[in-house]
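Listed below are the residues making up each chain.
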Amino acid sequence: ILFSSQFSNLLGTVYRRGNLNFTCDGNSVISPVGNRVTVFDLKNNKSDTLPLATRYNVKCVGLSPDGRLAIIVDEGGDALLVSLVCRSVLHHFHFKGSVHSVSFSPDGRKFVVTKGNIAQMYHAPGKKREFNAFVLDKTYFGPYDETTCIDWTDDSRCFVVGSKDMSTWVFGAERWDNLIYYALGGHKDAIVACFFESNSLDLYSLSQDGVLCMWQCDTPPEGLRLKPPAGWKADLLQREEEEEEEEDQEGDRETTIRGKATPAEEEKTGKVKYSRLAKYFFNKEGDFNNLTAAAFHKKSHLLVTGFASGIFHLHELPEFNLIHSLSLTWGGPEPGTPASPVCTGLGQLLVWEWQSESYVLKQQGHFNSMVALAYSPDGQYIVTGGDDGKVKVWNTLSGFCFVTFTEHSSGVTGVTFTATGYVVVTSSMDGTVRAFDLHRYRNFRTFTSPRPTQFSCVAVDASGEIVSAGAQDSFEIFVWSMQTGRLLDVLSGHEGPISGLCFNPMKSILASASWDKTVRLWDMFDSWRTKETLALTSDALAVTFRPDGAELAVATLNSQITFWDPENAVQMGSIEGRHDLKTGRKELDKITAKHAAKGKAFTALCYSADGHSILAGGMSKFVCIYHVREQILMKRFEISCNLSLDAMEEFLNRRKMTEFGNLALIDQDAGQEDGVAIPLPGVRKGDMSSRHFKPEIRVTSLRFSPTGRCWAATTTEGLLIYSLDTRVLFDPFELDTSVTPGRVREALRQQDFTRAILMALRLNESKLVQEALEAVPRGEIEVVTSSLPELYVEKVLEFLASSFEVSRHLEFYLLWTHKLLMLHGQKLKSRAGTLLPVIQFLQKSIQRHLDDLSKLCSWNHYNMQYALAVSKQRGTKRSLDPLGSEEEAEASEDDSLHLLGGGGRDSEEEMLA
């Protein structure tokens, strides 16, 4: 599992920066999250992160008109051509500069990128194989400052570009004879967005100060004339260009086109002319700040605008009628789509259905970094706590957060589930430990100490009755009762801050790690005395028990992991992880990463579900997995390759080192967005306190899923989930030359089902195992299960657990599960420790179906009760008024059926059936 684990999903963060895109069918939203891209499926209520990553944070995403291809560009100018169908990277390209936006033409044949003060048009990659997917066609010059936005006409003949120099430029995709390129003014601030009207060259331009200009064109799109060739010289030049293209492998001949800001009047005669039709102001009352984002829906003529104060407006053009207004809390929006406002400061993503005025999707990640996580006992949910004081519960199947608790007033330091899986216990720096109920979504217990203190960690025993938390300032451990909420005991004895707590899963033994270089074991039944004290060589940073409770692992400040026998207080081994951590060098570090790693250590530990391996992470971009018995490094996962984070590289970039110092000390990005580049007296625009900083990469918490199929890590990037990839894994079991797929199918034809299933399990091919199991008749399942050897029962249960997630044969597989557990339950109970991950995986799969079916059955039961009540009421009415109108009765019947979603008697019969 550990060797074949691959990145599966990214939770905890839904948006960082960049533009949003809706897919062609409107069912999904594509959102950039750091250096990754997440697809939110609105129809099936799922989120999925693409298995790819850029070198820096994603800055813009361009989606092809058919929705099959996407161009993802990061802050460094590197681009990935991605197939959204097969979810893989097709091509890498570097634009040699920072790209602000990218947009495909509606016909899908071209795409334009804005880079610096120019716009470049490329041939879009086609469906045939090409040596170079990106072929530069034309480069357009005109604006004096950076270009910011792009929009195409519906026929792909022209595109418009906005710039920070307050001008708007209309360029042609072809050489149009009657279209000259000049600047459209009328604004006093940078252009935020510009849009063409549907099937027209008329356009709208919006500036940052909240001004909308409407431009009318005197020529329809059909009136554009291609520039005729200049005679035989042009033909000769064209032939030479074609010959050079055949000789050149890359085959790209760039054409440079330059526009004039103010062309002469004689040049304008007989050409396409623009005139300003109207000018509207958004901030007449002065209630709004800068306009930060806008989008236009051409078919419905709807314009949505977002302001830095969190206010959104929906207008109908060209009349500029206000239809709707929406206000968020705080933090301005980023460029999105008409129905998807997003917020950088909050890390928030909203999908708003404006006609019904309701949220389709509302997701928000942690404002600051996540510091703790925990899996529920069945592996269905993950709870996370962050420095923002919020506690969020995520569904691992959908990837969405379904509840957020905001009762803590300071950063959360620890989270855990109770054994039932319906209670979450958290500790915080605000001096409280809180218990949350996942049935009613409320804080039903609040545990406090006699004196105000800051809690650094929390633990709950296996029964869920005892809650303990470690103090950071008083060096004490507080123990409460979950039932009564009363403080039971205060355990003192440590001489340093408590860094970690962990209960033995099999006994009421509490292990506490401290900075005083000791780990103490406390007996909860006799807590007046310390059971054992384990002396360490350095400060203890993390402690955890093996799932069977027979071993204890401790991470110390000198980069060591020591293993102890908790019964005899004997050290069983140690791992030296200093050279495996490979800490990166920060930009402002004065010493190299090799020497700086001496002060770095593992801060998070977690055993695998079977207890054979241990995961370790800390102030590094790597998560190390060690074999406990052999005490060797098995694999090292690189959790991020994002160079926008600090401490990612082992060596500093020498090009940033000058005789005056490191260029990283200069805040170069200040003033690019809303900051102040040069603070002058009397300047009120922008936030004087805003600073651009690079977060340091680190792993704050690690947890292995109880199902044994995946593990999760809270990092600077977010909540990363790594799961077992079974698609590329061939792992046969007791295979010999006589076991082949042909022999399996031959045994099925002979109705020797037991032998066929055993051979299929030995090949370990899921399709073959499915074919063998589904060939067994329903009446013979009990006979076949009784004849299976005990070793193969575990294999069948594991296959059934994975099949429940994808198969439609629910009753058939439930029958298999029931017979296996009834016939082999006593033998399986003797190996409960090793079989626990498989049973929990099975329980998770069945529980998901139970939740879905119970809701469906409850809804059907309600509908049938309603229909019966309506028919009973109609019969009572007829008996009281036999001479009444039958038409009224039929009308009332139809009304009641329309409420149920039907349209008459046929619908009623179908519903009752």
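Just so we're clear, the structure is a prediction, and the values are computed from it rather than from any experiment.

### Describing the overall build of the protein chain
- When you go through the protein chain residue by residue, the secondary structure sums to 13 helices and 59 strands.
- Scored against the burial criterion, the 913 residues of the protein chain give a buried share of 51%.
- Across the protein chain, the fraction of contacts at a sequence separation of at least 24, relative to all contacts at a separation of at least 6, is 49%.
- As presented, the protein chain carries roughly 44,600 Å² of accessible surface, and 50% of it is formed by carbon and sulfur atoms.

### What to know about the UniProt feature "repeat: WD" (unreviewed entry) in the protein chain
- Those places that UniProt annotates as "repeat: WD" (unreviewed entry) correspond, in this numbering, to residues 363–395, 405–446 and 491–524.
- Secondary structure across residues 363–395 divides into 0% helix and 58% strand, with the first and last C-alpha atoms of the span separated by 13 Å.
- Annotated as residues 491–524, this span is 0% helix and 56% strand, and its ends, taken at the C-alpha atoms, are 10 Å apart.

### Points about helix 10 (residues 810–829)
- Within helix 10, the axis deviates most sharply at Leu-823, by approximately 55°.
- Looking only at helix 10, the buried set comprises Phe-812, Tyr-813, Leu-815, Trp-816, Thr-817, Leu-820, His-824 and Leu-828.

### Focus: the sheet that holds strand 19 (residues 203–207)
- Sheet architecture is open: 4 strands sit in the order 18-19-20-22, paired in antiparallel fashion. Each end of this open sheet is capped by a strand with a single partner; those strands are strand 18 (191–196) and strand 22 (274–281). Here the average twist between neighbouring strands, direction ignored, is 20°.
- Pairing of strand 19 with strand 20 (residues 211–217), which is carried by 4 bridges, proceeds in the antiparallel orientation. Residue pairing for strand 20: Leu-206 is matched across the bridge by Leu-212.

### Structural notes on the nonpolar core
- Counting residues in hydrophobic clusters, the biggest one holds 38 residues, and the most contacted among them are Ile-757, Leu-800 and Trp-816.
- Those elements that provide at least two residues to this core are helix 5 (741–749), helix 6 (753–763), helix 7 (766–774), helix 8 (781–786), helix 9 (790–803), helix 10 and helix 11 (832–880).
- Of all the elements, helix 6 adds the most residues to this core, at 8 residues.
- Non-local contacts of Trp-816, meaning those with residues more than four positions away in its chain, are made with Ile-757, Leu-773, Val-776, Ile-781, Val-784, Thr-785 and Leu-800.

Cut-offs and rules
- Residues numbered from 1 in each chain as written.
- Predicted model: local features only at pLDDT ≥ 70, side-chain atom pairs only at ≥ 80, totals over all residues.
- Heavy atoms only, no water.
- Helix = DSSP H or I, 4+ residues; strand = E, 2+ residues; numbered from the N terminus.
- Buried < 20%, exposed > 50% of the residue type's maximum accessible area, 1.4 Å probe, protein only.
- Contact = heavy atoms within 4.5 Å.
- Areas by Shrake-Rupley, 256 points an atom, 1.4 Å probe, with all protein chains shown as cover.
- UniProt positions renumbered as here; feature names shortened; annotations may be inferred.
- Bend = angle between axes of the 7 residues up to and from the residue.
- Pairing = 2+ DSSP bridges.
- Axes fitted to C-alpha atoms, helices over the stretch in contact; angles between N-to-C directions.
- Core = buried A, V, L, I, M, F, W, Y, C linked by side-chain atoms within 4.5 Å.

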